[in-house]
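Listed below, chain by chain, are the residues.
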Amino acid sequence: MGLRSTRIRGPLAGLVAALVLGGTGLATGCGPRADRITDVGATGGTRVEGGTATMALPPAATPNWIFPIGAPGYLATYNSSIQSLLYLPLYQPEQKGDELSLDSPRNLAEQPRYSDGNKTVTVTLKQGYRWSDGKPVTTRDVEFWFDLIKHNKAEWGGYSPKLLPDNVKRFQTLDDRTFRLRLDRAYNPAWFTANQLLYFTPLPRHAWNPDDEDPKKVFARLTQHAKKLSAFATDPLWKTVNGPWKIRQWATSGQVALEPNTRYSGPDRPHLDRVVFKPFTTADSEFNVLRSGGVDYGYIPPSVMAQSKKFQEMGYRVDPWEGWAITYLVLNFNHPTAGPLLRQTYLRQALQLLIDQRAISKVIWHGSADPTRGPVPASLLAKDPYPYDPAAAKRLLAAHGWKARDGGTLRCVRPGTGGDACGKGIEEGQPLKLSLLSQSGSTESSNQMQEIKSSYDKAGITLDVRQQPLNTVLGTTVPCERTEPLCKAWQLGFFGTAGSWYFPPDPSGEQLFATGAPSNMGNWSDPRTDELIKDTEYSGDPAAMRRYGEYVARKVPVLWTPNPAYQVSVIRNDLRGVDQNPTLSLAPQDWYFVKKGAGRK
Amino acid sequence: MTATAAGAPAADETAVPTPSLARRTLAVFTRNKLALAGAVVLVALSAFCFLGPLFHPTDQVHTDLGQANLAPGSPGHPLGTTDLGYDMLGRLMTGGRTSLEVGLAAGLLATFIGTVYGSVAGYFGGWLDAAMMRITDAALAIPALFLLVVVAAIVTPSKPVLILIIASVAWLSPARLIRGEALALRSRDYIHAMRLMGGGGARAVFRHIVPNAIGTVVVNATFQIADAILYVAYLSFLGLSIPPPAADWGSMLSAGITYTQVGYWWLIFPPGIAIVLVVAAFNFIGDGLRDAFDVRLQKSGGNR
């Protein structure tokens, strides 16, 4: 979750899913013509069982990891999305209204029960779940997963110090279906379920570790198998699954084909005969295939949103896939010269007031982005605390001693720490000049930065924008100490073309805005923020998240910018049941084709 | 004038003064209709880029999202607007300045470096020539676009940086060309005479070799400028141009391509046509100058 997966996904610029429809028994794998059904809708229609669906992968994305414990470097979303179709996690997030819920019928376990002042959690597996070889899914399988990550945490890409498995003192197996976790302290149940229990994934102990080997040894063996990409479809190890799908093909080129697991015992049995995840080297190649009707569930660049009617006429529906994410410009508070400027709350507020998020979302992102309001997804905050107001920004700056000479860049004329002064560390005559390191390769991001630069320039703030490839930006905008040379390399940073930060279901900020947090790139440090984050993590107060969201939104530790859709999806009208989950998980078992001609206008 | 020179009666030849070299060159040049057309187009484009903003002033620094993507013919925007609300006609003028300035400067710089390098190698010969030419061969073996992209990715491009980057790969061709000229010229009698009188290598290169190869140098310079303008377009198209809000025709074309599917033709055709026109103009001028510097054509009055 979080930035890690975003960073991997970022350069891939959007997941594409394309479904190649095939009528039942069609050897060609081709489905009904896309223009047969012209009504637009995600659900409904007369369901036809069977068919082959092909989902296109992000540009240059190659699924390369099947083992559900992701090694560092193999945490891409497309890997975990496919894994969870084969190996069911205990809990899966589901969108309910504006919020995400973990109370899904897909869950492998009943809702967790917290006791002992929220220091103990008891989980009961649902009845009837079996592995594809007929063996039941038991708590031993969950314990097997836990032992693997506990003894190999350095090799687990999802490990963060103090979180799983460090925060579980003891794993107790009560019976075949019930286990209990003794935690190192009391946690907010909502947070622990959403951000910790979500990782728990039973693994087939009987098939993968029949001789009860040492967890380190068995982990090494499994990892060795997981690196043999060409053998994923044939290795007997990966044939024991408990999810709705099993592997049919896993090509080294990146094409993955899944077919229904006939012994799947969950409530959501697949309707299709096959689902294919198809790789594309570039977004252009995917777009060309999409236009030629070769994919059923694809994506288009935001700039083509204006042509959505054309796609509708071709028999597709256009549906931006909105992520559970926020997007922002990171501010380097430890930069030697820009740091003192950025540490002034009024200045950050003025910078925020000058970003016209609504216009940028509408014009530059063509409606495929929404304003970010604060440190949690926008739907969780009632209002934007700093809507675009250049006049208010100018007043704020003037009130704190900033004045332009000859209409140029603003300069500090009242240094000092008083209420009407520029602030601590700012010298008399210091210009209000900042530089931004932004990711290249996206017309929308580039235009967004031009718009912000233009808006700042009108207010007397000089913003130099430098564009570099994403990996360069990610390698530069890292937490740093004031004395480190790297800290001088950047003042503001942007790596959010596909969203800056994707949240786990509970959008808490312990990895993002807490002092010293691993993804606190700008070195934001504020005791009150830390206190509020701890409340979301440890207390059971349901209002804690709102308090945290509202406070940090007002403090502007980063500059909020429009949050783009993960991708602008284009889906064939006769393919129904596609739910674009904000956490980017997939559920092709819900997809189905509708009868030809059904629902025709 | 040329007609007079060509068609005058033999009896009057002594009475008609022989036209100067410049006049003969101009005469042959003006006979080449394509070259003349190229010159006219170049003058027109230069006037459009450098004088145009006086008649059609626009703000090419600040965006105006309220005016984004307006079609040609919209009030105040004869060529429409860009996706950030910049007036397209005004941006074409501003972008053209960058393309012409950088192309011209980079082409001339590459020609200057190549001329000096090639003259020195050709005149001195021997091991120095061998070493200098192997360096040139090695550099020519690396695709120019690859070098440009690598260098442009390392440094943040600005006009001077772009000029240096392009000139640093474009000087190789003129160097080889002029070296060939120098090899032929160094065995001429007047060079020997100069050396017998105590003239040094520098004098030979700058006072004799380069001036006598000037025809080749000038012709090559026009092609170098055309190539440099294309290089600017390549780099810009790949997103390695001068950072916005500055623009050039290549970056405008690159930005416009995004909207191909949407049908915003006015973002694509104007910069594309401008690039084609200016490159073709320089090539036609180069062809015309080559003919004009050809002594045989001057003698025959431009008739081949």
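Please read these numbers as outputs of a predicted model, since none were measured by experiment.

Visitor: Is there a simple way to think about helix H11 (residues 201–212) of chain B in this case?
Guide: Given 3.6 residues per turn, any residue in an α-helix points the same way as the ones three and four places further on. Along its 12 residues, H11 of chain B runs 15 Å from first to last C-alpha, staying within 8% of the 16 Å computed at 1.5 Å per residue. Structurally, H11 of chain B contributes buried residues whose contacts are with helix H5 (88–124), helix H9 (172–185), helix H10 (189–196) and helix H12 (214–237) of chain B.

Visitor: I'm lost on the sheet that holds strand S1 (residues 47–48) of chain A in this one. Help?
Guide: Backbone-to-backbone hydrogen bonds pair the strands of a sheet. The strands run either parallel or antiparallel. Spatial strand order, S1-S27-S26 (chain A): 3 strands in an open sheet with antiparallel pairing. The open sheet has two free edges, formed respectively by S1 and strand S26 (575–576) of chain A, since each of these has just one partner strand.

Visitor: What should I look at first to understand the state of the cysteines in this one?
Guide: Disulfide: a covalent bond connecting the sulfur atoms of a pair of cysteines. Residue and element names in this part refer to chain A. This model, assessed by the stated rule, comprises 2 disulfides over all chains. Note that cysteine 480 is cross-linked by a disulfide to cysteine 487, the S-S spacing being 2.0 Å. Judged by the sign of its S-S torsion, about 70°, the bond between cysteine 480 and cysteine 487 is right-handed. We classify cysteine 480 as buried; its relative accessible area is 2%.

Visitor: Any chance you could explain the nonpolar core here in plain terms?
Guide: Across soluble globular proteins, nonpolar side chains show a tendency to be buried alongside one another. Residue and element names in this part refer to chain A. The biggest cluster of nonpolar side chains holds 82 residues, and the ones touching the most others in it are Phe67, Leu90, Leu181, Phe192, Phe200, Trp238 and Phe277. When residues in this core are grouped by element, the largest group, 6 residues, is from helix H3 (residues 139–151). The contacts of phenylalanine 192, once residues within four sequence positions are left out, are Tyr114, Val121, Asn167, Val168, Leu181, Leu183, Tyr187 and Leu197. Grouped together as the second largest cluster of nonpolar side chains are 78 residues, Leu354, Ala393, Trp490 and Phe495 included.

Visitor: So what exactly am I meant to see when it comes to empty space enclosed by the protein here?
Guide: Rolled over the atoms, a probe sized like a water molecule indicates the empty space that remains. All names here are of chain A. Inspection of every chain in the model, using the stated rule, returns 4 cavities of 30 Å³ or more. One number sums up the size of the largest cavity: a volume of about 130 Å³. Lining the largest cavity are 14 residues, and of these Gln92, Arg106, Asn581, Ser585 and Ala587 lie nearest its centre. Grouping the constituent residues of the lining of the largest cavity by class yields 5 nonpolar, 6 polar and 3 charged. The volume enclosed by the second largest cavity comes to roughly 60 Å³. In terms of lining, the second largest cavity is formed by 13 residues, of which the most central are Val330, Asn520, Met521, Gly522 and Val558. The element best represented in the lining of the second largest cavity is strand S15 (residues 328–331), accounting for 3 residues. Residues that form the lining of the second largest cavity fall into these classes: 10 nonpolar, 3 polar and no charged.

Visitor: Help me out: how do you make sense of the sheet that holds strand S23 (residues 558–560) of chain A in this one?
Guide: All names here are of chain A. Strands sit in the order S20-S19-S21-S15-S23 across an open sheet of 5 strands; the sheet is mixed. Bordering the open sheet on either side are strand S20 (462–468) and S23, each of which pairs with just one other strand. Between one strand and the next, the sheet's axes are offset by a mean angle of 25°, whatever the strand orientation. Bridge count between strand S19 (residues 433–439) and strand S21 (residues 492–494): 3 bridges; the pairing is parallel. Among the inter-strand pairings, leucine 437 is bridged to a residue of S21, identified as glycine 493.

Visitor: Would you take a moment to explain the UniProt feature "transmembrane region" (unreviewed entry) in chain B for this structure?
Guide: Residue and element names in this part refer to chain B. Within the UniProt annotation, "transmembrane region" (unreviewed entry) is assigned to residues 34–55, 102–126, 138–155, 161–178, 217–242 and 262–286. The straight-line gap between the two end C-alpha atoms of residues 34–55 is 29 Å; of that span, 95% is helix and 0% is strand. Secondary structure content for residues 102–126 is 96% helix and 0% strand, while the C-alpha to C-alpha distance between its ends is 36 Å.

Visitor: Can you walk me through the side chain of threonine 222 of chain B in this structure?
Guide: Within the secondary structure layout, threonine 222 of chain B lies in helix H12. When its relative accessible area of 8% is taken as the criterion, threonine 222 of chain B is described as buried.

Visitor: Quick question: what am I supposed to make of the interface of chain A and chain B here?
Guide: How big an interface is tends to be expressed through the accessible area that disappears when the partners come together. Each partner contributes to the interface: chain A provides 24 residues, whereas chain B provides 19 residues. Taking both partners together, chain A and chain B bury about 1700 Å²; carbon and sulfur atoms supply 55% of that area. In this structure, the connection of chain A to chain B is made through 0 salt bridges. Between chain A and chain B we count 10 residue pairs in polar contact (both at pLDDT 80 or more) in total. Looking at the side of chain A that touches chain B, the elements that each hand over two or more residues are helix H7 (283–291), helix H11 (357–364), helix H13 (443–458) and S20 of chain A. With 9 residues, H13 of chain A is the single largest residue contributor to the side of chain A that touches chain B. A per-class count over the side of chain A that touches chain B returns 8 nonpolar, 9 polar and 7 charged.

Visitor: Is there a simple way to explain the pattern of salt bridges in this structure?
Guide: Pairs may arise between side chains of opposite charge once their charged atoms sit close together. Residues and elements named next belong to chain A. The final tally for this structure, using the stated rule, is 20 salt bridges over all chains. Note that glutamate 213 and arginine 221 form a salt bridge whose closest N and O atoms lie 3.0 Å from each other. Using a relative accessible area of 30% as the deciding quantity, one classes glutamate 213 as partly exposed. Two residues, aspartate 420 and arginine 414, come together in a salt bridge whose shortest N-O distance is 3.9 Å. A residue is classified by how much of its surface remains accessible, and arginine 414, at 32% relative accessible area, is partly exposed. Sharing partners across several salt bridges, the network here consists of Glu94, Arg106, Asp268 and Asp590.

Analysis parameters
- Every chain begins its residue count from 1, and numbering advances along the sequence as written.
- Here the convention is simple: chains get letters from A, ligands get numbers from 1, in the order in which they are written.
- pLDDT decides what is reported in this predicted model: residues at 70 or higher carry local features, side-chain atom pairs at 80 or more are listed and counted, and totals for whole chains, interfaces and linings draw on all residues regardless.
- Each side-chain value is derived from all of the structure's non-hydrogen atoms; neither hydrogens nor water enter the calculation.
- Secondary structure elements follow DSSP: runs of H or I of four or more residues count as helices, runs of E of two or more count as strands, with numbering from the N terminus.
- Every helix has an expected span of 1.5 Å times one less than the residues it contains.
- Any two residues having at least one pair of non-hydrogen atoms within 4.5 Å are treated as being in contact.
- Between any two strands, at least two bridges found by DSSP are needed for them to pair.
- The disulfide criterion is simple: two cysteine sulfur atoms within 2.5 Å.
- Burial here depends on accessible area, computed with a 1.4 Å probe over protein chains only, as a share of the maximum for the residue type. Under 20% is buried, over 50% is exposed, and the range in between is partly exposed.
- Put simply, a nonpolar core is a bunch of buried Ala, Val, Leu, Ile, Met, Phe, Trp, Tyr and Cys residues held in one set by side-chain atoms that sit within 4.5 Å of each other.
- Lining residues are defined by having an atom within 4 Å of a point belonging to a cavity or pocket. Those points lie on a 1 Å grid over the protein atoms alone, cavities being sets where a 1.4 Å probe fits but cannot get out and pockets being open sets with protein on both sides within 12 Å along at least five of seven lines.
- Grid points are joined across faces, edges and corners, and a volume is the space filled by probe spheres set on the points.
- Three classes are used, and their members are as follows: Ala, Val, Leu, Ile, Met, Phe, Trp, Tyr, Cys and Pro are nonpolar, Asp, Glu, Lys and Arg are charged, and the others, Gly among them, are polar.
- To get an axis, fit a line to the C-alpha atoms, keeping to the stretch in contact for a helix; angles then go from 0 to 180 degrees between the N-to-C directions.
- UniProt positions are given in the numbering used here, feature names are shortened, and annotations may be inferred rather than shown by experiment.
- Here the quantity called buried area is the total loss of accessible area, with a 1.4 Å probe, experienced by two parts when brought into contact, counted for both.
- Salt bridge, as used here, is a side-chain nitrogen of Lys or Arg placed within 4 Å of a carboxyl oxygen of Asp or Glu.
- Under the rule applied, a polar contact is a pair of N or O atoms within 3.5 Å (in protein, one hydrogen donor and one hydrogen acceptor; residues adjacent in sequence only if both atoms are side-chain atoms).

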